[in-house]
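# Fold and contact review
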Amino acid sequence: MADAADLRETTSSRARRWLRRTGALLAAAPVLAGVLQVPAAPAVHAAAKPTGSRSVDVDITSLTPTAPTKSDTLTVSGTVTNDSGSTVSGAHVGLRVGPTMEGRNAIDGAARRTGYQQGADGNEIGGKYTEKIGKLGAGVSRDFTLSIPVNELHLGENGVYQLGVSLTGQSRSRPWQQVLGIERTFLPWQSSSPAKKTQLTYLWPLISTPHVTSRTDADEDRTPIFRDDRLKAELAPGGRLQQMVSLGKNLPITWVIDPDLLATVDAMTREYEVQNRHGDGTTTGRGQTVAKRWLNDLQKAVEGHQVVALPFSDPDIASLAHHGKNVPGALSHLRDATELASTTVQTVLGVKPRTDFAWPADGAVDSSIVDVATSAGAHNVIARSDSLRETGNLSYTPTAARQIGGGNTAVVADARLSTAFTGDMSKADNSTLAIQRFLAQSQMINLQSPDRQRSIVVAPQRIPTTSQAQAMAAALDGLSGEWTQLMNLGEAAKAKPDPNATQRVPSTRLYPGSLRRQELPTRAFESVYKTQSTLNKFEKILTAKYRVVTPFGNAIRREMSTSWRGNGLGATHFRDGVQRYLEGLTKKVRLIPKTDMTLSGRSATIPVTVQNNLVQGVRLRLVLKSQQGNRLAVSEPQVVNVEGGHSQSVKFGTTANANGPVWVSAQLVTPDGQSYGDEMLFEVNVTEITSTVILVIAGGVLLLVLAGIRIYLQRKRAATANGGDEDAQEEEADEATDAESDGNDPAPALVPEQPSDPAPDTGSQSAGASGAGEKVDH
């Protein structure tokens, strides 16, 4: 952003500075005259102006109050450490008040300087307001505390003053008093209220990394299985997320929440499992108590505050725009995540969030990112001023809201304020300097154009550490409304845009290379597509879809999380794990392999068994096809319902038209006609009744018929010849019959036994399904 105000100043301020400098020169004239009468110091001494010496390290670990008033006493504490190889003697620590900063760039420049520079670092406030150190051996550290009434600082007009803490002493190589080390910070001074206060919006992010896998236990409650139990430590007292809630509840902030975090913590309030390091077992999670307490505290903290919900699991919009938008279905995940966000926040927190804000990583935007973000209904894009830069050479920092076309608004966060606490804030000196610099920059925005009210937004890092959150809270406490007026993000987005501010979104080629290298690659979105396709097919056969669709849908959204930036290997492992587990579940529904079989006769049945090792029932169609329909015809496909943990045998009727082997295929099909699983092939050998057997049977029948005719004729002849007693004739006929039965006439031949299928295959020829089946042995 152009900061022309850094190069400009009013006539009155220039006059006042000229008078101060002239007075200082006149006061120093007698001293200079005395110096001229003293023998010249060694050449090394003369070369030490400005000394720029850094042989002693000075750290400021505390400065209170951060933005003092006239009646306050300023207290500065810290540590001095002798980094040289020799002892420092006659040392003392003193406070130096430098000139007011002339702009935001001047603050940055002063913060970068390290060595002491006479004149630029101001005069020491001596006397009783210094602290004697005496001797300071090599490598030795000493603490100090300086206290001075603010009115003794002789601060003038409102502004940001440079404040320095220096150690003055002498060393063996330089045996005269000189500044051996200095640390600079800034002191905002606001003795009277500004004409118009700057409207400031501070985002307070509650975001974490994905902690839940796609797996659940087989129980009725679908107990979730976590990747790890590290979230428990973040929720516990003193943990990062606990501190974010504890600090945020008393601050004028806008909560920006990833609904996935809420869903995860809500799951922790009940029984949950944690997979072990190798992923081959689980242990019971122990975070129920801290999870319940944290959610309860958060519900109270958000009362009266605006809550902005990011899409579920905070998807990486920039990665999606640059690598995923051309992959089928990728953009639909962003829309689904946005819809799920509102439901999740309302369910867990009981508040209705704003879901019309998109927040790309580091606020870096280009035209493709804006297109993707707004396609899911987010008409407000949180950008940052080091991405959407000012090109109009404005002399002030403009209002955050910008109209970027299509009814969309870019809310441009201030880059300096947003990145103020990205360093290691666990060190007291780092956090103290960051707080003072934040306050100085925020006040300087107001001083740039005090008659022009502007709306400024601060979007800090997505996942602040505990120490960073504490420094952020201390800085907001230090504002105290002296030159700022706090407002929420929704109000900031509606603020009247500055007509001279940049509204043109950068092109894709201007996206920072350092951020592009952290993005999810195209293959990540192709993997997401593969997993979603597998899930779509799988869910169609399930009778309790919610048991699978919900955990896997959330896992797919977690695969696209912004938190994977900089952790490409972890992202790959997570995606692969989800896909492997899903494929493993789909294989639990399968056809039991079938060996080759034989069918006897023109018609018989073929049984095929479907096994379901899931905990829920499935519904499919089973299709049996003959590869040579002219030789073996098979009955129509059948619907198969298999309870969880059971198998089901289905019998298909067949009609044989010729002998010989025929290949038959069995295929499971989803209700909408998609093939499910691998096709199973087996051989069926068809055998009909042979001609030899038919002749034997026909011969036997013929012999029986001839025997009957012979008996009839014999009886008739006997009756005619004897004309005698009917009883005697009948007795003789009976004896003749018995004699023939016991005699030499051949008996009918037996039909030889034919090979056939096992008992289950040669039962009823009905094509109907058999019973519910038996429990599968796992």
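So, here's what we can say about the structure. (Residues numbered from 1 in each chain as written. Predicted model: local features only at pLDDT ≥ 70, side-chain atom pairs only at ≥ 80, totals over all residues. Heavy atoms only, no water.)

## What about the environment of Ser 507?
Its location among the elements puts Ser 507 in the loop between α14 (489-494) and α15 (513-516). Each C-alpha atom of the pair Ser 507 and Ser 367 lies 5.6 Å from the other, and the pair is 140 residues apart in sequence. Ignoring anything within four residues of it in the chain, the contact list for Ser 507 reads Asp 366 and Ser 367. (Helix = DSSP H or I, 4+ residues; strand = E, 2+ residues; numbered from the N terminus. Contact = heavy atoms within 4.5 Å.)

## With respect to the pairing of strand β2 (residues 73-82)
Working note: regular strand, side chains alternate between the two faces of the sheet. With eight of 10 residues buried, β2 lies mostly within the body of the structure. Pairing of strand β1 (residues 56-64) with β2, which is carried by eight bridges, proceeds in the antiparallel orientation. Bridging from a neighbouring strand, Ser 62 pairs with Ser 77 of β2. Here β2 runs beside strand β6 (residues 141-149); their pairing, made up of nine bridges, is antiparallel. Residue Thr 73 lies in a different strand from β6, and its bridge partner there is Pro 149. (Buried < 20%, exposed > 50% of the residue type's maximum accessible area, 1.4 Å probe, protein only. Pairing = 2+ DSSP bridges.)

## Details of the packing of helix α3 (residues 104-112) against helix α12 (residues 428-448)
To characterise two packed helices, one gives the angle between the axes of the helices and the distance between these axes. Interaxial distance between α3 and α12 falls to 9 Å at its minimum, and their mutual angle equals 155°. Judged on the interaxial angle alone, α12 and α3 are roughly antiparallel. For the crossing formed where α3 meets α12, the hand is right-handed. Contacts between α3 and α12 involve Arg 104, Ile 107, Asp 108 and Ala 111 on the former and, on the latter, Arg 437, Ala 440, Gln 441, Met 444, Ile 445 and Gln 448. (Axes fitted to C-alpha atoms, helices over the stretch in contact; angles between N-to-C directions. Parallel < 35°, antiparallel > 145°, perpendicular 65-115°, else oblique. Left-handed = near helix turned anticlockwise from the far one by under 90°.)

## What to know about the nonpolar core
Of all hydrophobic cores here, the largest spans 72 residues; its most connected members are Phe 538, Leu 622, Phe 682 and Val 684. Excluding residues that lie within four positions of it along the chain, Phe 538 makes contacts with Val 548, Leu 582, Leu 585, Thr 586, Leu 614 and Tyr 676. Formed by 55 residues, the second largest nonpolar core is a distinct cluster that contains Trp 204, Leu 241, Leu 262 and Leu 479. (Core = buried A, V, L, I, M, F, W, Y, C linked by side-chain atoms within 4.5 Å.)

## Some thoughts on unusual backbone geometry
Negative phi characterises most residues that are not glycine, and trans characterises most peptide bonds. In this structure, Pro 65 follows Thr 64 across a cis peptide bond, with omega equal to -15°. Along the chain, Pro 65 falls in the loop between β1 and β2. A positive phi angle, near 50°, is found at Asp 314, a position not held by glycine. Its location among the elements puts Asp 314 in the loop between β15 (307-309) and α8 (317-324). Judged by relative accessible area, which is 4%, Asp 314 ranks as buried. Although it is not a glycine, Asp 362 sits at a positive phi angle of roughly 60°.

## Comments concerning the packing of aromatic side chains
Tallied over the full model, the rule gives six aromatic pairs. Among the aromatic side chains, those forming a connected cluster through ring pairs are Tyr 202, Trp 204, Phe 421 and Phe 438. Taking the ring centre of Phe 312 as reference, the NZ or CZ of Arg 557 above it sits at 5.9 Å. (Phe/Tyr/Trp six-rings, centres within 6.5 Å; stacked < 30°, edge-to-face > 60°. Lys NZ or Arg CZ within 6 Å of the ring centre and 35° of its normal.)

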